[in-house]
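Structural description and commentary
Take a look at the letters that make up each chain.
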Amino acid sequence: MSLGVLSCQSCQEKILVIDQIVNCDFSVENLLDENVVISGSVNDTPFSITLSPNESYTYYQDTNSGHVEKGKIPIYLATSIKFSGETVGTVEYSDEFCKMWTEEDDKHFVFRITKSLFQAQ
């Protein structure tokens, strides 16, 4: 009679790592007394938004995955952007644009459209 020995290797569970969702709010505020057209490109997709005086455009984005609120344009990620006002003129930005945002708190970034924005260039 022979005895069979059954060997068992320890099984390791594969751990699925899921990044925590980090939703940040992004707001563009038009502080001028006139309409401002914001146009540019995000991921090779052109966009155009018109903000009335004292109007804001706000959206949230998961900064880990890049997921953006449905139906919103992630202006912060614009590779090129142009601001056009009725009397203040037009100004364009590229790489430096994302550095121009103000961090209000941990998860809220704001870009304010003022006359000084148009005088900077």
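Residues numbered from 1 in each chain as written. Predicted model: local features only at pLDDT ≥ 70, side-chain atom pairs only at ≥ 80, totals over all residues. Heavy atoms only, no water.

**Side note on the pattern of salt bridges**
As enumerated under the stated definition, the model contains 2 salt bridges in all. In this structure, E29 and R112 form a salt bridge, with 3.3 Å as the shortest nitrogen-oxygen distance. With E29 in strand β1 (residues 23–30) and R112 in strand β8 (residues 108–113), this pair connects stretches of sequence that are 83 residues apart. A salt bridge links R112 to E104; the shortest N-O distance between them is 3.3 Å. A relative accessible area of 33% places R112 in the partly exposed class. (Salt bridge = Lys/Arg side-chain N within 4 Å of Asp/Glu carboxyl O. Helix = DSSP H or I, 4+ residues; strand = E, 2+ residues; numbered from the N terminus. Buried < 20%, exposed > 50% of the residue type's maximum accessible area, 1.4 Å probe, protein only.)

**Side note on the sheet that holds strand β7 (residues 102–105)**
On the basis of which strands lie adjacent, the open sheet formed by 4 strands has the order β4-β1-β8-β7 and mixed pairing. Every other strand in the sheet has two partners, leaving β4 (56–62) and β7 as the edge strands with one partner each. Put simply, the sheet's adjacent strands are angled 25 degrees from each other on average, direction ignored. Pairing between β1 and β8: 6 bridges, direction parallel. Counterpart to E29 in the pairing with β8 is R112. (Pairing = 2+ DSSP bridges. Axes fitted to C-alpha atoms, helices over the stretch in contact; angles between N-to-C directions.)

Nothing here speaks to function; it is all geometry.
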